[in-house]
Amino acid sequence: MDKFLVDRRAVTLGGATLALAGALPRVAHAQETPRRGGVLTVQVASDLRTLNPAMRASYAIHVFTSKMIEPLVDLGYDNQPVPKLATAWDSSPDGKTITFKLREGVQWHDGKPFTSADVQFSAMEMWKKYQNYGTLLHRYLTAVDTPDANTAIFRYSELMPLGLLLRAACELCYVIPKHVFEGTDLLKNPANLAPVGTGPFKFVSYAPGQNLILERNPNYWVPGQPYLDRLIIRVIPDAAAATAALESRDVQISMFSSLPKTDLARLAKDSRFRVGTKGNEAYSILNTLGFNTRKKELSDVRVRRAIAHALDIDFYTQEFLLGYGKRAQGPIPTTSSFFIPGAGPVYPFDLKKAEALLDEAGFKRGADGTRFSVRLMPNTSDDIRMFATFIQQSLQKVGIKTDVQIYDSPGYIARVNRDHDFELATDTNLYRGDPGVGTTIWYQSGVPAGTPWSNQFGWKSEELDKITNQALVEIDPVKRKAMYGEFVKIANTEIPVLMAMEQVFVSAAAANVRNDHNAPRWPGTSWADVWLAS
Amino acid sequence: MRIFRLALNRLAVSIPCMGIILLGLFLMLQLAPGDAVDALMGQMGSNDVALAEQLRQQYGLGGGVTTRLAIYVWNTLHLDLGYSVAYNQPVLNVILQRLPVTMLLMISALSFAFAAGTAVGIIAARHVNKWPDTLISTLGLIFYAAPSFWFGLMGILVFAVWLNWLPSGGLEDLGAGYTGIGRVLDIAGHLILPTITLALIYFAIYLRVMRASMLEVMTLDFIRTARAKGLREGAVLTRHALRNALLPMVTILGLQAGAMLGGAVVVESVFSLPGLGRLAHEAVQQRDLNMLLGIVFMSALLVIAINFIVDILYARIDPRIDFNG
């Protein structure tokens, strides 16, 4: 059968789909009844080579594990928590105790019952001790009490905003079975590579760096779900190979912008596929340009502002990102519930102003037209390097000579984050839903030197430190949001790091997949309701 | 007995050589900025220094270079390749998972290149300076000059995306759940494009060597003698000329077994094959020192083994060659 003649319906999906905020364009099929069975194969570009989300948190690991291991709550479209293993939650009046009611009648894949003891073990032994971000989120966690099998009471020694915990829970609060891990070497437990969970799919086999194969869990707590018989997640790092796999129907979904932008644009016009950012709203990435303010030139805020003015971000997002991205308004992306329009100043493209600011700062053009020279270090991934080249050419126009120096990921971390041996550095900041989780740490002082993705810019503002620390323990959501507005104002005024663009990951899916990309962090959800139309 | 002595000889030479390679690699990787835990933290996007330090201790990455080197040498002497930070598994497990894929790819590509190169080289030599020779030589030059990843990508585009005859990559159809002969055929189908891609450049080399070698042998006295005996041309070619012309071919076969491991990195990436080449590439990016040293160790063993086999082949083809000589 020639698979390429299938369903050539004339659906116009032209360039319009490229105009951002793109839903994965789909033909309406709300009335269809879900069909049981079938194998879904999906592609991602990398994996963490371990399958324990209670110890390692990253969007890459959640794609693999969230089908087997479930969080206390997940994230819904209105930014509201969706009950998973927890069905209800409440915070005590003093804000230091949070109680979760747990789902009853849930079974682990090995048949043992799921209880509050599992939550206690996961929290105290893994989230608090090992999990990246979890160690910070739960640093004041003193105990998890388990009065009965379906109640877990989290006790903190400081205030813990309920909203912060619930928003972080979909990424950081995955529950693993106590009976599998207790009394073993946690880092080397075989279940880290062959998980036992409560999720809709059961583990079959895992070849790290290659593929994960899962099968339907017939005892899942949602009757009738999941619909798929099998689920295969393939790691294809090469972008061109990934496009070929999608086009030849070897895979049905590609996630996390892992196809070349030009291919995404081409597939968006092909009726066999749907391309868009819908279902990825929770994965906002900011393209950043960091300034090492320890250096003489960059310690002057006028120079930093001049550099910001010298970059034609709108041109870049249109021509290089093909519309999959836009100018950022500050460290909190526009997709966030914490976003306040106009919270801080932005720097429109203005070469004249850039030149004037540089002159004012005392860096006149020399005989060869150069004001001064800097080194620019991009982190890995093509996108960031491409942006670095764009910055290099843009800065040339205002008389700043830029030398782009490329290292691989560990090399970059050592150079930029640890040794602070750079002038400019381009990177990305993954916005984690709440500015308190992964955003403010880029600006705060007092973080131990050499901490990756913290304030490697050598910049300090007591005002900002004060407001971000207060916001972390403020339990009134309205006041908290206002505090982060203040934070954005200082961050945008002083720009130790320029939040240049915001992007949302792009997915591409075959037209016959149903119920995909129906949640703001869909790639990291359970996929219990996904099915395949014939 | 002779073979046994040769094996011992080879081993005696290989062991110090391997020691130098492993030591050099260990020290060179110390120069690369960042370590395995940095790479891990990078992948997780984590910024918890205390956690990084804890992981460093648990994975044995703490301490100075000399301490770690001493531990490494001690472990290697016990044939313990260590634990991989990036894969959360013993290095040997991961390598043994990947080795068969690379072996399969290398052996099929080498056999294809050798067989096709020999056959086409003979044809070119038989029609020297006529149109078949010109055509073959031109094609050979193109295959030699064009980068293999380009052929790979073009192959995928034409045979997988347009014609849909062959799969676009991977080792097997994971969803189909084939067993037995069905699985063998499935894997063979998946290996057609990668094998040809990897083999093309070697095919070009073999055909040129075969052509030159054949032309040279055909002018020698014993060929004239054979013809004078009244042998038919076919018999002259296969019984007398070919056997002599094959000697230089076998020489480069041994030499290229090592080079092919390098070429496999590209082909494995383009076709998303889970082989050693891609593993080595990832190990560098992950600063997974144990893994990288383990791969080098295994590759060295592989190359030594292939060269050993080539030496034996040598003696079979040309009885004048003596192991003791």
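As a convention, each chain's residues are numbered from 1 in the sequence order in which they are written. Throughout, the order in which chains and ligands are written sets their labels, letters from A for the former and numbers from 1 for the latter. Selection of residues for local features in this predicted model requires a pLDDT of at least 70, selection of side-chain atom pairs for listing and counting requires 80 or more, and totals for whole chains, interfaces and linings are taken over all residues. Only heavy atoms go into the side-chain values, all of them from the structure, while hydrogens and water stay out.

Colleague: I'd like a rundown of the overall build of chain A, residues and numbers included.
Modeller: Scanning chain A from terminus to terminus reveals 15 helices and 21 strands. In summary, chain A has a C-alpha radius of gyration of 24 Å against a globular reference of 24 Å for 534 residues, a match within 12%. In terms of overall dimensions, chain A has C-alpha extents of about 75 × 65 × 40 Å along its principal axes. Per-residue burial over chain A gives 61% buried out of 534 residues. Only heavy atoms matter for contacts: two residues are in contact if any of them lie within 4.5 Å across the pair. Within chain A, residue pairs in contact and separated by at least 24 positions form 72% of the contacts whose partners lie at least 6 positions apart. For chain A, the computed accessible surface area is about 19,300 Å², with 52% contributed by carbon and sulfur atoms. Only four residue types enter the charge count, namely Lys and Arg as positive and Asp and Glu as negative; His and the chain termini do not. Taken as the charge centre is NZ of Lys, CZ of Arg, CG of Asp or CD of Glu, depending on the residue. Averaged over its 60 positive side-chain charges, chain A has a centre that lies 1 Å from the centre of its 56 negative ones. Working definition: helices are DSSP H or I runs of at least four residues, strands are E runs of at least two. Numbering for both runs from the N terminus. Radius of gyration here uses only the C-alpha atoms, and the compact-globule reference equals 2.2 Å multiplied by the residue count raised to the power 0.38. For each residue, the accessible area found with a 1.4 Å probe, counting protein chains only, is set against the maximum for its type, and the residue is called buried under 20%, exposed over 50%, and partly exposed in between. Per-residue and other accessible areas follow the Shrake-Rupley method at a 1.4 Å probe size, with only the shown protein chains counted as cover for residues.

Colleague: Could you give an account of the overall build of chain B, naming the residues involved and the relevant values?
Modeller: When you go through chain B residue by residue, the secondary structure sums to twelve helices and two strands. Helices (α) and strands (β) of chain B occur, in sequence order from the N terminus, as α-α-α-α-β-β-α-α-α-α-α-α-α-α. Along the first, second and third principal axes, the C-alpha atoms of chain B reach 85 × 55 × 40 Å. Looking at chain B as a whole, 48% of its 325 residues qualify as buried. Of the contacts formed within chain B by residues at least 6 apart in sequence, a portion of 74% connects residues at least 24 apart. Surface accessibility of chain B: about 15,900 Å² in total, with carbon and sulfur atoms responsible for 70%. Computed over 21 positive and 18 negative side-chain charges, the inter-centroid distance for chain B is 16 Å.

Colleague: Please set out empty space enclosed by the protein residue by residue, giving values where relevant.
Modeller: All names here are of chain A. Residues are called lining when one of their atoms sits within 4 Å of a cavity or pocket point, these points coming from a 1 Å grid over the protein atoms alone, where a cavity is a set in which a 1.4 Å probe fits but cannot get out and a pocket is an open set with protein on both sides within 12 Å along at least five of seven lines. Grid points are joined across faces, edges and corners, and a volume is the space filled by probe spheres set on the points. In total, this model carries six cavities of 30 Å³ or more according to the counting rule given. Space inside the largest cavity adds up to approximately 140 Å³. Lining the largest cavity are 15 residues, with A328, V346, Y347, L498 and M499 positioned closest to its centre. With four residues, the single largest contributor to the lining of the largest cavity is strand β18 (residues 497-504).

Colleague: Would you mind going over the side chain of S254(A) in detail, with residue names and values included?
Modeller: All names here are of chain A. With respect to the element layout, S254 can be found in strand β11 (residues 253-254). Among the residues examined, S254 registers a relative accessible area of 1% and is labelled buried. For this analysis, a polar contact is any N or O atom pair within 3.5 Å, provided that within protein one partner can donate a hydrogen and the other can accept it, and provided that sequence-adjacent residues contribute only side-chain to side-chain pairs. In this structure the side chain of S254 is engaged in a polar contact, spanning 3.3 Å, whose partner is the side chain of S258.

Colleague: Requested: an account of helix α2 (residues 116-127) of chain A, with residues and values cited.
Modeller: All names here are of chain A. Judged by how many residues are buried, α2 sits mostly within the fold: nine of twelve residues are covered. Those residues of α2 lying buried are S116, D118, V119, F121, S122, A123, M124, M126 and W127. Where the residues of α2 are buried, they touch β5 (97-102), α3 (134-137), β6 (141-145), β7 (151-156), α4 (162-172) and α5 (178-181).

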